[in-house]
Amino acid sequence: MKCPFYLRALTLVFTLTSPIFFSGCAASFGPGYTIDKQEIDVHFEPGPPPHIFVKSNYELTNTGTKPLSVLELRLPGRRRFQAEGVKVDWDGQSLTGEQSKDYPRNTILTLPGNWAISGHHSLHIAMDLETSAEGESHLRFAPDAFFLPAEGWAPELLPSRGLFATGGTPPLKWNLTVHVPKDFIVHTSGRKIKNSKRGEELTVRATQQIVDIYPYVIAGRYVTKQIGSVHQKIYLWTRQPQDAGDLRAVSDSLEKTLATYNSVFGGWSEVGRASC
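All values derive from a computational prediction rather than experimental measurement.

A look at the overall build of the chain
- A count of helical and extended segments in the chain gives two helices and 18 strands.
- Per-residue burial for the chain yields a buried fraction of 35% across its 276 residues.
- Partitioning the contacts of the chain with sequence separation of at least 6, the portion at a separation of at least 24 is 70%.
- For the chain, the exposed area adds up to about 17,000 Å²; of that, 56% sits on carbon and sulfur atoms.

Here's what the structure looks like:
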């Protein structure tokens, strides 16, 4: 019996296109780029007033199917952060961003020339995160402590627009560096950690991975106390020394909470974080 024409046609189409599907992990089907290298540098200044200088560096490659003329990104949200003095450089050339008409939360960077396929470029973004005044809704920093939550405070590169577009995904590993006064304690996302002191400054470096998702930083002149039991160690950070009796009550309460959590959801496993 002869095979129907439409079945033979489908077989031919599958034969011709199957190499594309099987090589899909290595091939691009639309516009986009890859972040080859990424570094974010956080420098805290106690002031007055206290502020945080954030520098982000990216090495990018156009891995898409066509040249690109714009790059879209998302800067810290105005409702939570007071970002001032934003500067953007493309291969050392200053760029001015424009608010996206379709997505007002985003910023559009018009590149000085077409970004050719396979072309490599460097992007540098710098900004000051300033503390808010009394009564304002922005995140506030104290001269002796600050907190940068997971998501929202660092620039976020976005995918190119178009069908099957890609871009904006951080590399598998990248470095987060934090500079603070030498008597600060620092807790960040990340797996590996290196720290050094120079003069009055402490520098902490943590390697971020995909499992860390969004970076965060907690730092300040905290008093650290280990509580809990031999089987369940708990490290408590406070701004002032605490009474031993109060710490015992906190320890007992936390141990009971963790025991309940583990019995309901299973054993707790440590997520990526680094402390110094």
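Looking at the nonpolar core
- In this structure, Leu60, Leu123, Phe146 and Trp153 are the most contacted members of the largest nonpolar core, which totals 40 residues.
- Not counting chain neighbours up to four residues away, the residues in contact with Trp153 comprise Ile40, Val42, Val54, Pro76, Phe81, Leu129, Leu148, Leu176, Pro215 and Tyr216.

As for the sheet that holds strand 7 (residues 107-115)
- Reading across from one edge, 6-7-3-10 is the order of the four strands in this open sheet, with antiparallel pairing throughout. Where the open sheet ends on each side, the last strands, each with one partner, are strand 6 (97-99) and strand 10 (156-157).
- Across three bridges, strand 6 lies against strand 7 in antiparallel orientation. Within the sheet, the bridge partner assigned to Glu98 lies in strand 7 and is Ile108.

Some thoughts on the pattern of salt bridges
- This model, assessed by the stated rule, comprises five salt bridges.
- Lys182 serves as the salt-bridge partner of Glu200, at 3.6 Å between the closest nitrogen and oxygen. Placement of the pair is Glu200 in the loop between strand 13 (192-198) and strand 14 (201-209) and Lys182 in the loop between strand 11 (173-181) and strand 12 (185-188), with a sequence separation of 18 residues.
- We classify Lys182 as partly exposed; its relative accessible area is 36%.
- Among the charged side chains, a network of salt bridges with common partners joins Glu72, Asp102 and Arg161.

Examining a positive patch on the surface
- A cluster of basic residues, Lys173, Lys192, Lys194 and Arg205, forms a positive patch at the surface.
- Along the chain, Lys173 falls in strand 11.
- On the basis of relative accessible area, Lys173 is assigned to the exposed category, the value being 51%.

A few points about the pairing of strand 1 (residues 34-45)
- The pairing of strand 1 with strand 2 (residues 51-61) spans 11 bridges and is classified as antiparallel. Looking at strand 2, one finds that Val42 is bridged to Val54.
- Here strand 1 folds back onto strand 2, and the loop between the two strands holds five residues, one of which, Gly47, carries a positive phi near 85°.
- By the bridge criterion, five bridges tie strand 1 to strand 11 in an arrangement that is parallel. Bridge pairing links Glu39 to Asn175 in strand 11.

As for the side chain of His179
- One can find His179 in strand 11.
- Here Glu201 takes part through its side chain, which lies 3.4 Å from a polar atom of the side chain of His179.
- Side chain to side chain, His179 and Thr203 meet in a polar contact 3.1 Å long.

A look at unusual backbone geometry
- Residue Pro48 is bonded to the preceding Gly47 through a cis peptide linkage, with omega at 10°.
- With respect to the secondary-structure elements, Pro48 resides in the loop between strand 1 and strand 2.
- At the junction of Pro48 and Pro49, the peptide bond is cis and its omega measures out at -10° in the coordinates.
- Locating Pro49 in the fold gives a position in the loop between strand 1 and strand 2.
- The phi dihedral of Glu151 is positive, around 105°, even though this residue is not glycine.
- Structurally, the position occupied by Glu151 is in the loop between strand 9 (145-148) and strand 10.
- Under the relative-accessibility criterion, Glu151 is labelled partly exposed at 39%.

Thresholds applied
Residues numbered from 1 in each chain as written. Predicted model: local features only at pLDDT ≥ 70, side-chain atom pairs only at ≥ 80, totals over all residues. Heavy atoms only, no water. Helix = DSSP H or I, 4+ residues; strand = E, 2+ residues; numbered from the N terminus. Buried < 20%, exposed > 50% of the residue type's maximum accessible area, 1.4 Å probe, protein only. Contact = heavy atoms within 4.5 Å. Areas by Shrake-Rupley, 256 points an atom, 1.4 Å probe, with all protein chains shown as cover. Core = buried A, V, L, I, M, F, W, Y, C linked by side-chain atoms within 4.5 Å. Pairing = 2+ DSSP bridges. Salt bridge = Lys/Arg side-chain N within 4 Å of Asp/Glu carboxyl O. Patch = residues over 30% accessible without salt bridge, like charges linked within 9 Å, V, L, I, M, F, W, Y side chains within 5 Å. Lys, Arg positive; Asp, Glu negative; His and termini not counted. Charge placed at Lys NZ, Arg CZ, Asp CG, Glu CD. Polar contact = N/O pair within 3.5 Å; in protein donor to acceptor, adjacent residues only side chain to side chain.

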